[in-house]
Each structure stands twice: as C-alpha cells, then as structure tokens.
Amino acid sequence: MDFVKAHAARLYAVVVAVLALVAHFVPDLPSVLILGVVAAVLGTGEAVQRLEDGKTVAAYTGQYRP
C-alpha cells in the first residue's frame, strides 16, 4: 500500500496507457464497455489528484514524511 501511495500518479499513467492500447488494438470491444472504463479511470484520476495535492500541502507545512 505504501508503494501505491508513493507512486500513485505513475501507476495511474501506466494503467491509462495500457487501457488506451487495449482499446486501440482490440476493435471488437463494445463502446459501452470502453466508456464505462473511461468513466472509472476519470474517477480514479480524481482520487490520485487529491492524494498528490495532499502530499503537496503536507510538504508546504512541513508534515510530509515519504
């Protein structure tokens, strides 16, 4: 879990890249499935952004411990 918290943005970027490749190279996927995954990825992106913002605030206030 600590690894995920420390590298959330990087993991998110890798997952999004893999999903884009799958959507491109597997043309038989239904568009409804792709749109559902896109919606879930956007929600996860929001969570990653909040985690990174929290780390930034903690760094500014001197409370950040990697």
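Residues numbered from 1 in each chain as written. Predicted model: local features only at pLDDT ≥ 70, side-chain atom pairs only at ≥ 80, totals over all residues. Heavy atoms only, no water.

**Brief notes about the overall build of the protein chain**
- What the protein chain contains, in helices and strands, is three helices and zero strands.
- Start at the N end of the protein chain and walk to the C end: the helices and strands fall as α-α-α.
- Here the protein chain has a C-alpha radius of gyration of 15 Å; the compact-globule value for 66 residues is 11 Å, and the former is much larger.
- The proportion of buried residues among the 66 residues of the protein chain is 9%.
- In the protein chain, the 5 positive side-chain charges and the 5 negative ones have mean positions that sit 11 Å from each other. (Helix = DSSP H or I, 4+ residues; strand = E, 2+ residues; numbered from the N terminus. Rg over C-alpha atoms; globule rule 2.2 N^0.38 Å. Buried < 20%, exposed > 50% of the residue type's maximum accessible area, 1.4 Å probe, protein only. Lys, Arg positive; Asp, Glu negative; His and termini not counted. Charge placed at Lys NZ, Arg CZ, Asp CG, Glu CD.)

**Here we look at helix α3 (residues 31-61)**
- The terminal C-alpha atoms of α3, which comprises 31 residues, lie 45 Å apart, in line with the 45 Å expected from a rise of 1.5 Å per residue.
- Burial in α3 covers these residues: V41, G45, V48, K55 and A58.
- A positive backbone phi angle near 80° is found at G62, which sits one or two residues after α3. (Expected span 1.5 Å × (residues − 1).)

**Topic: the layout of surface pockets**
- Roughly 180 Å³ of internal volume is contained in the largest pocket.
- Forming the boundary of the largest pocket are V16, L19, A20, V22, A23, L29, L33, I34, V37, V38, V41 and L42.
- At the level of secondary structure, the elements contributing two or more residues to the lining of the largest pocket comprise α2 (8-25) and α3.
- At six residues, α3 tops the list of elements feeding residues into the lining of the largest pocket.
- Looking at the lining of the largest pocket residue by residue, the class counts come to twelve nonpolar, no polar and no charged. (1 Å grid on protein atoms, 1.4 Å probe; cavity = no way out; pocket = protein on both sides within 12 Å on 5 of 7 lines; lining within 4 Å. Points joined across faces, edges and corners; volume = space filled by probe spheres on them. Nonpolar A, V, L, I, M, F, W, Y, C, P; charged D, E, K, R; others polar.)

Without other data, these values stay purely geometric and don't point to any function.
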